[in-house]
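An overview of the molecular structure
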Amino acid sequence: MAVRAVVIEADGGSRGNPGPAGYGAVVRDPETGEVLAERSEAIGTATNNVAEYRGLIAGLEAAAELGAAEVEARVDSKLVVEQMCGRWQIKHPGLRPLAAQAAGLVSRFAAVRFTWVPRERNRHADALANAAMDAAASGAAPAAAAAEAREATVVRATGTDPATTPASWEPRPTEEATRLILVRHGETERTVQKRYSGRGDVPLTERGRAQARATAARVAALAPSVAAVVSSPLSRCTATAEAVAAQVGNPPVRTDDDLIECDFGVWEGHTFAEVREGWAAELDAWLASTRVAPPRGESFVTVAERTGRAVDRLRSAYPGETVVVVSHVSPIKLVLRDALAAGDAFLHRLYLDTAGISVLDLYPDGGVAVRSVNDTSHLADV
C-alpha cells in the first residue's frame, strides 16, 4: 500500500577506509515509527563515503517502492547531507555517479528533506551497516578483523575516520574548523527564581549585566579574532551579545530566530514544583520524550531542528572563523547533545549556568570537537 510520507534512516561504513564495507537503510512511518522496510548489503571493498551514499540510495529506492510522496532522509554523514543539499562540492570523482543516482531518485518524490543526525540517533541503520561490514570482512584473519572492529568503534565514537585520525582522540583537520563560542545569557529574575523562562522577554538583572561584562572579557581572551556575534532576538541575549561585541572589535550583533528559547507554553513563568502540581501527567510525558511539548508549547525535537539549521548556516557562512553564539539553556544543550552524539537523557543531566561558555569546533569534513562545556571561571568575582 502506498504511503504519503516516510522517514529514511541510512548509514554505511568500511573497516579500513577503504576496506570491507556495507550499508544499512531503514524506512519508517513518521508518525508511529513503524519499520516499513529494511535494506542492507555487503559491498566488498569501498570507502566510508561510498558506503554512506549506497545506504542513502537503498533507502530512497525502498521509499519509492512503497509509493512515498514525501521523504525525510536522516543520515549521520555530514558530507552526504551537505552534498545532496548542494552546499558542498562533490570533489571526489568516485562519489559523483552515486550522488547523481541519488539525485535521480530524489526527483521521483514530491518533496525530500535531508537531515544530519548523530550516530547515536541512527542506531538501527548503524546496526544493519555493521552487520553488512561483518559479512564483508568474514574472510579476514581474526587479528585483522579485531583491529578493523576497533577502528569502526573509533569512527562511531568520534565521528572521524581512523585513516585520518592521529593516535590521540582529537580529529586531525584537513581544513580550519569553524569555532562556535556558545554563551548562555546572563542572569534574569526568572533564572534566580528558577522559573521556566521561554519566549517571555525578561531583561537582565544588575548582576546579569555584570556577568555579561565578565563573559565579554573572557570571550575576548579566548578569541583574538571574532567574525560575527549572533544572538537570540530576546533582550536578555542581545544585551549579553552587545557586551561581548564591544570587547571583540564591535562586529554588528545579528539576531537569528532559530536561536530563541523553547516555547514552554502554559508553563511559562512557573517553577518546576508549580508545574508538577498543576500538570503532573503532562510533565511526566515531557520528561520522558523530546517529542512531547508542554501544553501550547514546543517540543525539544522542534527546537533541535531549528538550532541545527542555525548551526549549519554558521558553518557554511563562516568557514574557518570564530563565531560567538548567544542563546538560551535549551538550544545550547541541544547543540551540545548532538555534538557529543549523546542521548536525550543528556538534556536533563547537563547543567548550564547563566553566562557560562562552551566551545565547539566544526570541521568541513563533518568532524566535531567539543573543547569546553559550561566554563564559568570568569564569574568568580561577579
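Above this text you will find the structure in question.
This text gives an overview of the structure that appears in the document. These numbers come from a predicted model, not from an experiment.

1. Some points on the pattern of salt bridges
Applying the stated criterion across every chain yields a total of 28 salt bridges. The salt bridge partner of E82 is K78, with a shortest N-O separation of 3.4 Å. One end of the pair is E82 and the other is K78, both in helix α2 (residues 78-84) and four residues apart, which spans about a single turn. For the pair shown, E82 and K78 are each scored as buried.

2. Quick notes on helix α11 (residues 300-317)
Along its 18 residues, α11 runs 25 Å from first to last C-alpha, staying within 8% of the 26 Å computed at 1.5 Å per residue. Here α11 has its buried residues at F300, V301, V303, A304, R306, T307, A310, V311, L314 and R315.

3. A short note on the side chain of T238
Relative to the helices and strands, T238 resides in helix α8 (residues 235-247). A residue is classified by how much of its surface remains accessible, and T238, at 15% relative accessible area, is buried. Within polar-contact distance, the side chain of T238 engages the backbone oxygen of S235 at 3.3 Å. With residues up to four places along the chain from it excluded, the contact list for T238 reads S231, S232, P233 and T255.

4. Let's talk about the pairing of strand β4 (residues 70-75)
Taking burial as the measure, the six residues of β4 include five buried ones, the bulk of the element. By the bridge criterion, six bridges tie strand β1 (residues 5-14) to β4 in an arrangement that is parallel. In the sheet register, A5 faces β4, and the bridge partner there is E70. Pairing between β4 and strand β5 (residues 111-116): six bridges, direction parallel. Across the sheet, E70 pairs through a bridge with A111, a residue of β5.

5. Considering helix α7 (residues 206-222)
Given a rise of 1.5 Å per residue, 17 residues ought to cover 24 Å, and the 25 Å separating the end C-alpha atoms of α7 matches this to within 8%. Among the residues of α7, those classed as buried are G208, Q211, A212, A214, T215, A216 and V219. Of the surrounding elements, those touching the buried residues of α7 are β6 (178-184), α8, β9 (322-327) and β10 (357-362).

6. A closer look at the nonpolar core
Residues L180, W267 and V323 are the most contacted members of the largest nonpolar core, which totals 36 residues. At the level of elements, β6, β7 (228-231), α10 (280-288), α11, β9, α12 (329-339), α13 (346-349) and β10 are the ones that each hand at least two residues to this core. Not counting residues within four places of it along the chain, the set of residues in contact with W267 comprises Y196, V275, W279, E282, L283, W286, P294 and P295. L60, A63, A73 and V81 belong to the second-largest nonpolar core, a separate cluster that totals 27 residues.

7. Examining the sheet that holds β7
One open sheet accounts for six strands, arranged β8-β7-β9-β6-β10-β11; its pairing is mixed. Both edges of this open sheet fall to β8 (253-255) and β11 (368-375), since each of them pairs with a single strand only. Within this sheet the neighbouring strands show an average axis-to-axis angle of 20°, counted without direction. When β6 meets β10, the two strands line up antiparallel, connected through six bridges. Each residue of the ladder has a partner; that of L182, found in β10, is S358. Seen against the sheet, α7 touches β6, β9, β10 and β11 and runs at an angle of roughly 30° to β10. Along the sheet face, α12 touches β6, β9, β10 and β11 and points at about 145° away from the line of β6.

8. Focus on the packing of α7 against α8
Their axes nearest at 8 Å, the elements α7 and α8 cross at an angle of 40°. On the basis of their axis angle, the class for α7 and α8 is oblique. Regarding α7 and α8, the two cross each other, and that crossing is right-handed. Touching A212, R213, A216, A217, V219 and A220 of α7 are T240, A243, V244 and Q247, all from α8. Across the contact of α7 with α8, the residue classes tally to seven nonpolar, two polar and one charged.

9. Observations concerning the pairing of β11
As paired elements, β10 and β11 share five bridges and run antiparallel to each other. Bridge assignment links I357 to a residue of β11, and that residue is D375. In sequence, β10 turns back onto β11 through a hairpin of five residues, with G366 there showing a positive phi of about 100°.

10. Overview of the sheet that holds strand β2 (residues 19-28)
A sheet is described by the order of its strands in space; here five strands give the open sequence β3-β2-β1-β4-β5, paired in mixed fashion. Among the strands making up the open sheet, the edge pair consists of β3 (35-46) and β5. Taken over all neighbouring pairs, the strand axes of this sheet differ in orientation by 15° on average, direction set aside. As judged from the 10 bridges shared by β2 and β3, these two strands associate in the antiparallel manner. The residue of β3 that forms the bridge with G19 is A46. Against the sheet, helix α1 (residues 48-65) contacts β1, β2, β3, β4 and β5, and its axis sits at roughly 155° relative to β1.

Quick notes on the rules
Residues numbered from 1 in each chain as written. Predicted model: local features only at pLDDT ≥ 70, side-chain atom pairs only at ≥ 80, totals over all residues. Heavy atoms only, no water. Salt bridge = Lys/Arg side-chain N within 4 Å of Asp/Glu carboxyl O. Helix = DSSP H or I, 4+ residues; strand = E, 2+ residues; numbered from the N terminus. Buried < 20%, exposed > 50% of the residue type's maximum accessible area, 1.4 Å probe, protein only. Expected span 1.5 Å × (residues − 1). Polar contact = N/O pair within 3.5 Å; in protein donor to acceptor, adjacent residues only side chain to side chain. Contact = heavy atoms within 4.5 Å. Pairing = 2+ DSSP bridges. Core = buried A, V, L, I, M, F, W, Y, C linked by side-chain atoms within 4.5 Å. Axes fitted to C-alpha atoms, helices over the stretch in contact; angles between N-to-C directions. Parallel < 35°, antiparallel > 145°, perpendicular 65-115°, else oblique. Left-handed = near helix turned anticlockwise from the far one by under 90°. Nonpolar A, V, L, I, M, F, W, Y, C, P; charged D, E, K, R; others polar.

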